[in-house]
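Coordinate analysis (summary)
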Amino acid sequence: MDPYMRAAVEEARKGLREGGIPIGAVLVLDGRIVGRGHNRRVQKGSPILHAEMDALENAGRLSPQEYQRAVLYTTLSPCEMCSGAALLYKIPRVVIGEHRTFCGAEDHLRRRGVELEVLDDPECVQLMQEFIRSRPELWYEDIGEPEPGSQEDPAALLSRAWSRC
């Protein structure tokens, strides 16, 4: 595993130790990590602190030219919100640890010209599979969907079908 994805996995594990959802991300600029983050929705009671958003926040303000040279590493396929942030700042490349347990807005990113590399990393897959098995209520809350077996509205079912990789 390359050192940047390793750092993202370390962030994911940190989030899990804190009682949160094990997703981590790092923002790399010119070969140097400038922002690290992990999903802190549970820890901070935040609706938006996904790992990618946390890494961007921790990177601080960068110039448009710096964002356009950056690479975002994330242990899990980025959701619509996090993909939107990558598009807003014109981050040209996203490296994804895995998309088996969740496939975010990958098609949208590709259509907008973002280069995606999906590693299908076994450690990333295992981390999420174990978490989803042990804390399904937190997982489904994080992705904005009702737990399977609960009353689902048709829009949620359509959203789930659309988001498959």
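In case you missed it, the structure is sitting above this.
This one's a predicted model, so the numbers in the text were calculated from it and none came from an experiment.

Conventions we followed
- Residues numbered from 1 in each chain as written.
- Predicted model: local features only at pLDDT ≥ 70, side-chain atom pairs only at ≥ 80, totals over all residues.
- Heavy atoms only, no water.
- Helix = DSSP H or I, 4+ residues; strand = E, 2+ residues; numbered from the N terminus.
- Buried < 20%, exposed > 50% of the residue type's maximum accessible area, 1.4 Å probe, protein only.
- Contact = heavy atoms within 4.5 Å.
- Areas by Shrake-Rupley, 256 points an atom, 1.4 Å probe, with all protein chains shown as cover.
- Lys, Arg positive; Asp, Glu negative; His and termini not counted.
- Charge placed at Lys NZ, Arg CZ, Asp CG, Glu CD.
- Salt bridge = Lys/Arg side-chain N within 4 Å of Asp/Glu carboxyl O.
- Phe/Tyr/Trp six-rings, centres within 6.5 Å; stacked < 30°, edge-to-face > 60°.
- Axes fitted to C-alpha atoms, helices over the stretch in contact; angles between N-to-C directions.
- Pairing = 2+ DSSP bridges.
- Right-handed = clockwise from strand over helix to strand, strands pointing away.
- Core = buried A, V, L, I, M, F, W, Y, C linked by side-chain atoms within 4.5 Å.

**A look at the overall build of the protein**
- For the protein, the helix and strand inventory stands at nine helices and five strands.
- Looking at the protein residue by residue over its 165 residues, the buried ones come to 48%.
- When contacts within the protein are restricted to residue pairs at least 6 apart in sequence, those whose partners lie at least 24 apart make up 52%.
- Surface summary for the protein: the accessible area is close to 8,400 Å², and the carbon and sulfur share equals 50%.
- Here the protein contributes 21 positively and 26 negatively charged side chains, and the mean placements of these two sets differ by 4 Å.

**A word on the pattern of salt bridges**
- A complete count under the given rule lists twelve salt bridges for this structure.
- Of the charged contacts, one joins Asp30 and Arg69 as a salt bridge, the two residues approaching to 2.8 Å between their closest N and O atoms. Of this pair, Asp30 sits in the loop between strand S1 (24-29) and strand S2 (32-38) while Arg69 is found in the loop between helix H4 (64-67) and strand S3 (70-74), placing the two residues 39 residues apart along the sequence.
- Judged by its relative accessible area of 55%, Asp30 is exposed.
- With relative accessibility at 42%, the residue Arg69 sits in the partly exposed group.
- Residue Glu106 is joined to Arg110 by a salt bridge in which the shortest nitrogen-to-oxygen separation is 3.6 Å. In this pair, Glu106 and Arg110 are both assigned in helix H6 (residues 106-111), four residues apart and thus about one turn of the helix distant.
- Among the charged side chains, a salt-bridge network with shared partners connects Arg6, Arg13 and Glu123.

**Some points on unusual backbone geometry**
- With phi around 50 degrees, Asp30 is a residue other than glycine that occupies positive phi space.
- Here Asp120, not a glycine, exhibits a phi torsion of approximately 50 degrees, which is positive.
- One can find Asp120 in the loop between strand S5 (115-118) and helix H7 (122-134).

**A look at the packing of aromatic side chains**
- Within this structure, the stated rule accounts for three aromatic pairs.
- Arranged with centres 5.3 Å apart and planes meeting at 50 degrees, the rings of Tyr4 and Tyr73 form a pair that is tilted. Of the two residues, Tyr4 is situated in helix H1 (residues 3-17) and Tyr73 in strand S3; the sequence distance between them amounts to 69 residues.
- The class for Tyr73 is buried, based on a relative accessible area of 7%.

**Looking at the packing of helix H3 (residues 51-59) against helix H5 (residues 80-88)**
- Where H3 contacts H5, the two axes come as close as 8 Å, and the packing angle between them is 35 degrees. Of the residues in H5, those in contact with Glu52, Met53 and Leu56 of H3 are Met81, Cys82 and Ala85.

**A short note on the pairing of strand S4 (residues 93-96)**
- Here S3 runs beside S4; their pairing, made up of four bridges, is parallel. Across the sheet, Thr74 pairs through a bridge with Ile96, a residue of S4.
- Viewed along the sheet, the connection from S3 through H5 into S4 turns out right-handed.
- Across four bridges, the pairing between S4 and S5 is parallel. What sits directly across from Ile96, in S5, is Val118.
- Traced from S4 through H6 to S5, the parallel crossover comes out right-handed.

**Re the nonpolar core**
- Grouped together as the largest cluster of nonpolar side chains are 33 residues, with contacts concentrated most on Ile23, Leu27, Ile91 and Trp139.
- In this structure, Ala7, Ala8, Val26 and Cys124 belong to the second largest nonpolar core, which totals ten residues.

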